[in-house]
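# Commentary on secondary and tertiary structure
For reference, the chains in residue letters:
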Amino acid sequence: CAAEKSYCMAIQAEGMVEDFVSNMLNDNIELRKHCASAIFKCAQEEETRALVKSNGGLEPLVALIKDAENHGNKELMAAVTGALWKLSMSEDNVKCFQELELVPVLIGLLKDNSEGLDDLQFNLGKIQVLTNIVGAIAESARTHENRELIREQEGLAPVIRLIASTSPGLLVNVAAAIGQMAEDVESLEQIRNLDGVRLLWSLLKNPNDSVQAAAAWSLSPCIRNAENSGDMVRSFVGGLELICNLLESKDQQVLAAVCFAIANIARDKENLAVITDHGVIHKLARLAHTNDDLLRAKLAEAISNCCELESNRALFGKAGAVAPLVSYLTSSDLEVHRTTAAALHQLSKDPWNCVTMHQSGVVSHLLRLIGSEDEDVQEAAADCLQNIRKLALACEKFRYQ
């Protein structure tokens, strides 16, 4: 029942989370397994995660996973590791798990369970445990201290090795873990030495939308933080064409993740020229009529960075991307404002785009954004207005000559 959100809310309201936690101390291992499983299902909700922590539920879960006698009980391990994964989604819980030294235990279990990949697809219990362990590692890796610990404990190699598995849920968590680890330059260097970036890129070919999205999201920090990232990206044969083709996906998460990856790829002039030849401008422009704020933010960022190639500004205008971008400024999302203002500033360097923007009513939006609390938004809005004003003054001067 706890798999349904409505039941989770009822469980919280009836105070059952406290009962789950108290029964985690019971001598009956079967009861403890079911309590851990219930926490696993309910802990998707932030309120439940806070309740488990406030009622002292983190310590007994860690005690269960540290007890080597429990490691052979795959159902118990699936429940406990699942609960730990979901609970790790809260920053406060991650700090508590650091004090309880959870990460080394997770890495030890990961190494023990990731052997024999050929037989893994036939062992659903082991797949579930691994999925949960890698998920918990991915959430733990949001802190610099844990990233260092994972690297020192040699936890990256078994994570990367799991890219060879076929389970979509496991692959999503593997990609997420690599993406989090790539936020540190030292960890990214180790990922590259283990061929992790190339293997991560290969997941873009996976037929599962969730796997594609997770891989694309995780490639962005790899590209952004890598030394000589332009050369690295070009070294993947067919990689740029593959990521451009994913802009034809029907899945919103895939599209948003790919747009973000393209925004990072486009920071390199040579790679920008290559993806332009692969038709990225028209593919991005076709997405401009979306109402999804996440996709809007990442699409606008991709358009902004692609405009670093001067000829692309006019191409976006001809492809009809400018007018829809103006409508993004009606959103209440600050990230949409930030990236859209930057994109409009870049596009306004082309005079015909200025005309389109003015006709679409951009001026009133930009005047409002100049008063934004975000300095990047203020600056981009002001620069865009300046370009429109310059064009208007030039036309006025020409008229009276």
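In case you missed it, the structure is sitting above this.
Notes on the structure follow.

The rules behind each value
Residues numbered from 1 in each chain as written. Predicted model: local features only at pLDDT ≥ 70, side-chain atom pairs only at ≥ 80, totals over all residues. Heavy atoms only, no water. Core = buried A, V, L, I, M, F, W, Y, C linked by side-chain atoms within 4.5 Å. Buried < 20%, exposed > 50% of the residue type's maximum accessible area, 1.4 Å probe, protein only. Helix = DSSP H or I, 4+ residues; strand = E, 2+ residues; numbered from the N terminus. Contact = heavy atoms within 4.5 Å. 1 Å grid on protein atoms, 1.4 Å probe; cavity = no way out; pocket = protein on both sides within 12 Å on 5 of 7 lines; lining within 4 Å. Points joined across faces, edges and corners; volume = space filled by probe spheres on them. Nonpolar A, V, L, I, M, F, W, Y, C, P; charged D, E, K, R; others polar. Phe/Tyr/Trp six-rings, centres within 6.5 Å; stacked < 30°, edge-to-face > 60°. Lys NZ or Arg CZ within 6 Å of the ring centre and 35° of its normal. Salt bridge = Lys/Arg side-chain N within 4 Å of Asp/Glu carboxyl O. Expected span 1.5 Å × (residues − 1). Polar contact = N/O pair within 3.5 Å; in protein donor to acceptor, adjacent residues only side chain to side chain. Arc of directions from axis to C-beta. Axes fitted to C-alpha atoms, helices over the stretch in contact; angles between N-to-C directions. Parallel < 35°, antiparallel > 145°, perpendicular 65-115°, else oblique. Left-handed = near helix turned anticlockwise from the far one by under 90°.

Residues Trp201, Ile275, Leu284 and Cys306 are the most contacted members of the largest nonpolar core, which totals 130 residues. Examining the composition of this core, we find that 10 residues originate from one element, helix α19 (residues 252-265), more than from any other. Apart from the residues lying within four places of it in its own chain, the contact partners of Cys306 are Ile262, Ala266, Leu272, Ile275, Val280, Ile281, Leu284, Asn312 and Phe316.

Turning our eyes to something else, we now look at the side chain of Asn312. With respect to the helices and strands, the residue Asn312 is situated in helix α23 (residues 310-318). Sequence-distant contacts of Asn312, defined by excluding residues within four places in its chain, comprise Leu272, Thr276, Ile281, Cys306 and Cys307.

What follows deals with unusual backbone geometry. Within the chain, Glu101 stands out as a residue other than glycine whose phi angle is a positive 55 degrees. Mapped onto the fold, Glu101 is located in the loop between α7 (91-99) and α8 (102-113). You will see that Glu154, though not glycine, has its phi angle at about 60 degrees, which is positive. Along the chain, Glu154 falls in the loop between α11 (144-152) and α12 (156-161). Look at Glu154 and you get exposed, because its relative accessible area is 55%.

Taken as a whole, the largest pocket holds about 370 Å³ of empty space. Taken together, 17 residues line the largest pocket, and the ones lying closest to its centre are Arg142, Ala176, Gln180, Trp217 and Ser218. Secondary-structure elements contributing two or more residues to the lining of the largest pocket are α10 (124-140), α13 (168-181), α16 (209-225) and α19. Tallying contributions element by element places α16 first for the lining of the largest pocket, with five residues. In the lining of the largest pocket, the residues fall into seven nonpolar, six polar and four charged.

A few words on the packing of aromatic side chains. Per the stated rule, a full pass over the model turns up three aromatic pairs. Each ring, one from Phe40 and one from Trp85, has its centre 6.4 Å from the other, and the planes form 40 degrees; the classification is tilted. In this pair, Phe40 sits in helix α3 (residues 29-42) while Trp85 sits in helix α6 (residues 74-87), placing the two residues 45 residues apart along the sequence. One exposure class covers both Phe40 and Trp85, and it is buried. Ring geometry for Trp201 and Phe236: centres 5.2 Å apart, planes at 45 degrees, overall tilted. Here the residue Trp201 occupies a position in helix α15 (residues 196-202), and Phe236 occupies one in the loop between α17 (229-234) and α18 (239-245), the gap between them amounting to 35 residues. Like Trp201, the residue Phe236 is buried in the burial classification. Seen from the ring of Phe260, Lys298 lies directly overhead, with NZ or CZ sitting 4.2 Å from the centre.

What follows is about the pattern of salt bridges. Scanning the entire structure with this criterion turns up 15 salt bridges. Put simply, Arg338 and Glu335 hold a salt bridge, and the shortest N to O gap is 2.4 Å. Within this pair, Arg338 and its partner Glu335 are both found in helix α25 (residues 334-347), separated by three residues, close to a single helical turn. Given a relative accessible area of 25%, Arg338 falls into the partly exposed group. Several salt bridges converge on common partners, so that one network encompasses Asp231, Arg234, Asp268 and Glu270.

The next point concerns the environment of Ala288. With respect to the secondary-structure elements, Ala288 resides in the loop between α21 (280-286) and α22 (293-306). Separated by 236 residues in sequence, Ala288 and Val52 place their C-alpha atoms 43 Å apart.

Below, the discussion takes up the environment of Asp27. Note on placement: Asp27 falls in the loop between α2 (16-23) and α3. The spatial distance from the C-alpha of Asp27 to the C-alpha of Glu75 is 17 Å, given a sequence separation of 48 residues.

The next point concerns the side chain of Gln180. Checked against the element boundaries, Gln180 lands in helix α13. Taking relative accessible area as the criterion, Gln180 reaches 18% and is therefore assigned buried. With residues up to four places along the chain from it excluded, the contact list for Gln180 reads Ala138, Ala141, Arg142 and Arg147.

When the terminal C-alpha atoms of α19 are compared, their 20 Å separation across 14 residues agrees well with the 20 Å that a helix rising 1.5 Å per residue should span. Residues of α19 that are buried: Val254, Leu255, Ala256, Ala257, Val258, Cys259, Phe260, Ala261, Ile262, Ala263, Asn264 and Ile265. The backbone nitrogen of Gln253 has a side-chain oxygen 3.0 Å away, supplied by the residue at the start of α19, namely Asp251.

We now examine helix α26 (residues 351-359). Within α26 the residues assigned to the buried category are Asn353, Cys354 and Met357. The buried residues of α26 occupy an angular sector of 105 degrees when projected down its axis, which confines them to one face. In this structure, α26 carries Trp352, His358 and Gln359 as exposed residues pointing more than 90 degrees from its buried face. Its side-chain oxygen 3.2 Å from the backbone nitrogen of Trp352, Asp350 forms the N-cap of α26. Phi turns positive one or two residues past the end of α26, at Gly361, with a value near 80 degrees.

A separate point is the packing of helix α5 (residues 58-66) against α7. At their nearest, the axes of α5 and α7 sit 11 Å apart, and the two run at 50 degrees to each other. The angle between the axes of α5 and α7 places the two elements in the oblique class. The interaxial crossing formed by α5 with α7 has right-handed handedness. Listed contacts from α7 to Leu58, Glu59 and Val62 of α5 are Asn93, Cys96 and Phe97. A per-class count over the contact of α5 with α7 returns four nonpolar, one polar and one charged.

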